[in-house]
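Listed below, chain by chain, are the residues.
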Amino acid sequence: SAVQVPGDPDSAGSQFFIVVTDQPALDGQYTVFARVVEGINLIQTISETETDENGLPTERIEITNVTLRDKPLPEIPPFSTETVEELATYRAVLETSFGEITMEFFPHLAPNHVRNFLRLAKIGLYDGVTFHRVVPGFVIQTGFVETRAEPPSERLMKYFGNMEPEFNDTSHVAGIVSMAHGEDPASGNSSFFIVTGNASPLDNLYTVFGRIVDGMDVVQQIEAVPAENEAPLERVELMKVRIEQIDEH
């Protein structure tokens, strides 16, 4: 929004400000002319810079250059056009702080959940989240965006949203991967869990969309991490989800 002299709405010139948190008191008082679409995390960092008693930064923070560029064409979300058969050729390798876990997908049972997972993995939304829930003999859970080492950018969050459930008859047995949700079955988005034992009470209540095909020993190591109230006492990180495609020929 444009900076102006208090009480003089016609005084705006070259100065502008970027709102870091909601400021409803400014509504209708200043001229809004743009919005940040990339770099809001950097803006947040700048806002936390040390200041003097007058609110001025104690070190020089400089705009070194302003580049004008064409507005990019709308992006096609990754994994929007693949058929169910094509989705089935992908695998996800979960690179964790304990080792790698490989999962295959069930797009014939839950195509939208598979697309969503592949999409979030492809754009890097899962990079740096933790396994935030460990229940021995039941599940280990990860993918919760708020556990991410760095807050996700606005670009990443553009593809983040709730999904309608795709319940199916697959039993929640050891190795199954299923989407977590809150009280509303349509509140699943990024958080998912890996079943480590008999979790049949979850059948037809959560959407199964894949299973572990390699790395159950790593799953068991994570399951064995000491926890308090289901929260691990040490940080167990999902550093990255690597997408690989099987060569069918």
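The structure under discussion appears in the preceding block.
Residues numbered from 1 in each chain as written. Predicted model: local features only at pLDDT ≥ 70, side-chain atom pairs only at ≥ 80, totals over all residues. Heavy atoms only, no water.

Turning our eyes to something else, we now look at the sheet that holds strand S2 (residues 99–105). Reading around the circumference, S1-S2-S7-S5-S6-S4-S3-S10 is the order of the eight strands in this closed barrel, with antiparallel pairing throughout. In this sheet, adjacent strand axes meet at a mean angle of 35° when their direction is disregarded. Note that strand S1 (residues 90–96) and S2 share six bridges and pair antiparallel. The residue bridging Val93 from the neighbouring strand is Thr102, located in S2. Helix-sheet contacts for helix H5 (residues 216–223) involve S1, S2, strand S3 (129–135), strand S4 (139–142), strand S6 (192–195) and strand S7 (207–214), and the interaxial angle to S2 is about 120°. (Pairing = 2+ DSSP bridges. Helix = DSSP H or I, 4+ residues; strand = E, 2+ residues; numbered from the N terminus. Axes fitted to C-alpha atoms, helices over the stretch in contact; angles between N-to-C directions. Contact = heavy atoms within 4.5 Å.)

Here helix H3 (residues 111–123) is 13 residues long and its end C-alpha atoms lie 18 Å apart, about the 18 Å a rise of 1.5 Å per residue gives. Taking burial as the measure, the 13 residues of H3 include ten buried ones, the bulk of the element. Among the residues of H3, His113, Val114, Arg115, Asn116, Phe117, Leu118, Arg119, Leu120, Ala121 and Ile123 are the ones counted as buried. Two residues or fewer past H3, Gly124 is found with a positive phi of approximately 90°. (Expected span 1.5 Å × (residues − 1). Buried < 20%, exposed > 50% of the residue type's maximum accessible area, 1.4 Å probe, protein only.)

What follows deals with the pairing of strand S5 (residues 176–179). Of the two faces of S5, the one carrying Ile176 and Ser178 and the one carrying Val177 and Met179 are both buried. One ladder, built from three bridges, connects S5 with S6; its direction is antiparallel. Across the sheet, residue Val177 finds its bridge partner in S6, namely Ile194.

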